[in-house]
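Here is what each chain is made of, one letter per residue.
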Amino acid sequence: MVAHRSAKYFIPMLHTRLTYSRPVFAISRQYTTTKTTIFREIPEDAPLRDVRENLRQLGGGSVELTMNHRTSIAYILLNNPSKKNSFSGKMMAELADIVDALEKHVCDSEGVDGTTPEGVKAVVKTKEQEDIRGVILHGASETFCAGFDLSVARSHMLSKAGGQQMSRLMHNTFTRFHNLPLVSVAAVEGYAIGGGAEATTACDFRVLHRDALVRFVHANMGIVPGWGGANRLTRLVGRRNALRLLGTTEILSAEQALEIGFADEIASEDESALASSEIFLSRFIFEDPESALPYLKQHSSGGLNSTTEDASSPPPPMHAPESLRGLKQCVIATDLEGAKGLAEERRVFVSLWGGPANLAAVSRPPSKSKHRKK
Ligand SMILES: C[C@@H](C(=O)O)C(=O)SCCNC(=O)CCNC(=O)[C@H](O)C(C)(C)COP(=O)(O)OP(=O)(O)OC[C@H]1O[C@@H](n2cnc3c(N)ncnc32)[C@H](O)[C@@H]1OP(=O)(O)O
């Protein structure tokens, strides 16, 4: 297997997996404490790189990237199962690293310096080896994501500065992810709650398991979405539906989600959301997805059951990556105005985060802070 090596990643050519150990560098000596990590309040306009490294110190879990060069699909796994894959600070930093890696892979962009992206800045690569066409965001252990890790929030981040840092980084990461010249799908199994529901809106499409539940719980938390989800939700389902979902915090079942255009597909009875997402993406990737199915099954690194087809079989004809990426760029170019709306959403979030209603919600005992179906 051929391999690239860089200071941070080991990237084999066929199935690429980025795994992260403890951070290799620390910004200040304050981080080197053993149990009680200290959250450093840095200036509001500190470079996002510093914000990322600050957050990296907080909490556990991981976010992992796998690239399957045979099927042309990248997978991003949210992995914090004991906390329903909610995002620790560490996971936020790792997701930002992964978006960097994908930008480097598919774009001639060195613009990974943490500036807020304004519209489309990436110029797509056309080289054959930069072959990834689609990306699936999914969660470990049959659930998607329960938003921000509230244990990290309680112990480190209830200050205005904490909310501001987190929101700045997540807006930047999800905007860059949303603007990648790849077709992205959220494979939603189980719960997508709070920031988890927001994360699904950063994908181009959503494929839901029959039993998936989506809930924008922010009103119950005394806040508005902190990761850009209100803006994206409104563009997705329209102003009326968005206001209803956000304002009532009602639980969205897979069928309701399909009805209002939030979901693009519901997984069939015996299939996981991940397997259905692979099939969904195959329509963008292969010229004849029907006849490419055995190949996809053979080489799937997601949820599809493998077939016995010869593993060395050549790939069926695929759409040219530059065409697919170009199409995505054209579509993104229509929402250049979105950046202004996102900035306003972040301003409102920061004004509410750490306020009386938010503090009361976050301090409720765990039994009273669940957002599951009654
Ligand atoms: C910042 C904002 C934003 O969008 O901008 C946000 O995201 S605010 C974050 C919004 N998210 C939430 O409020 C989600 C709160 N969680 C829930 O409502 C519930 O846990 C469900 C996700 C519906 C799952 O209920 P279910 O009864 O199936 O499981 P459970 O409650 O026993 O959860 C299993 C374990 O995961 C933990 N757990 C669940 N959600 C968590 C979260 N967001 N942060 C930290 N831990 C969490 C539980 O405490 C529990 O730990 P133990 O086993 O140790 O007891």
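Look up a bit, the structure's there.
So, here is what we can say about the structure in this document. The structure presented is a predicted model; accordingly, all values stated were derived computationally and were not measured.

Attention now moves to the pairing of strand S6 (residues 134–139). Across the 6 residues that make up S6, a large majority, 6, are buried. Of the two faces of S6, the one holding Gly134, Ile136 and His138 and the one holding Val135, Leu137 and Gly139 are both buried throughout. Across 6 bridges, the pairing between strand S5 (residues 73–79) and S6 is parallel. By the bridge assignment, leucine 78 is partnered in S6 with glycine 139.

Our next topic: the packing of helix H2 (residues 89–106) against helix H4 (residues 160–178). At a minimum axis distance of 10 Å, the contact between H2 and H4 shows a crossing angle of 30°. Considered as vectors, H2 and H4 are oriented roughly parallel to each other. Taken as a pair, H2 and H4 cross one another with a handedness that is left-handed. On the side of H2, the interface is formed by Met92, Ala93, Leu95, Ala96, Val99, Asp100 and Glu103, while H4 contributes Met166, Leu169, Met170, Thr173, Phe174, Arg176 and Phe177. Split by residue class, the contact of H2 with H4 holds 10 nonpolar, 1 polar and 3 charged.

Bringing the sheet that holds strand S8 (residues 191–193) into the picture now. Taken together, 3 strands build an open sheet; the order of strands is S8-S10-S11 and the sheet is mixed. A strand with exactly one partner marks an edge of an open sheet, and here the two such strands are S8 and strand S11 (252–253). Across 3 bridges, the pairing between S8 and strand S10 (residues 213–215) is parallel. Considered in S10, the bridge of alanine 192 is made with valine 214.

Below, the discussion takes up the site of the ligand. With respect to spatial proximity, 25 residues lie near the ligand, and among them Leu150, Gly195, Glu198, His218 and His371 are the closest. Within the contact set of the ligand, a nitrogen atom lies 2.9 Å away from a backbone nitrogen or oxygen of alanine 146. In isolation the ligand has 1000 Å² of accessible area, and contact with the protein removes 76% of it. Those elements giving two or more residues to the shell around the ligand turn out to be S8 and helix H5 (195–201). Broken down by class, the residue content of the shell around the ligand amounts to 10 nonpolar, 9 polar and 6 charged.

Conventions adopted
- Residues numbered from 1 in each chain as written.
- Predicted model: local features only at pLDDT ≥ 70, side-chain atom pairs only at ≥ 80, totals over all residues.
- Heavy atoms only, no water.
- Buried < 20%, exposed > 50% of the residue type's maximum accessible area, 1.4 Å probe, protein only.
- Helix = DSSP H or I, 4+ residues; strand = E, 2+ residues; numbered from the N terminus.
- Pairing = 2+ DSSP bridges.
- Axes fitted to C-alpha atoms, helices over the stretch in contact; angles between N-to-C directions.
- Parallel < 35°, antiparallel > 145°, perpendicular 65-115°, else oblique.
- Left-handed = near helix turned anticlockwise from the far one by under 90°.
- Contact = heavy atoms within 4.5 Å.
- Nonpolar A, V, L, I, M, F, W, Y, C, P; charged D, E, K, R; others polar.
- Near = heavy atom within 4 Å.
- Polar contact = N/O pair within 3.5 Å; in protein donor to acceptor, adjacent residues only side chain to side chain.
- Areas by Shrake-Rupley, 256 points an atom, 1.4 Å probe, with all protein chains shown as cover.

Take it as geometry only, folks, not as evidence of what the structure does.
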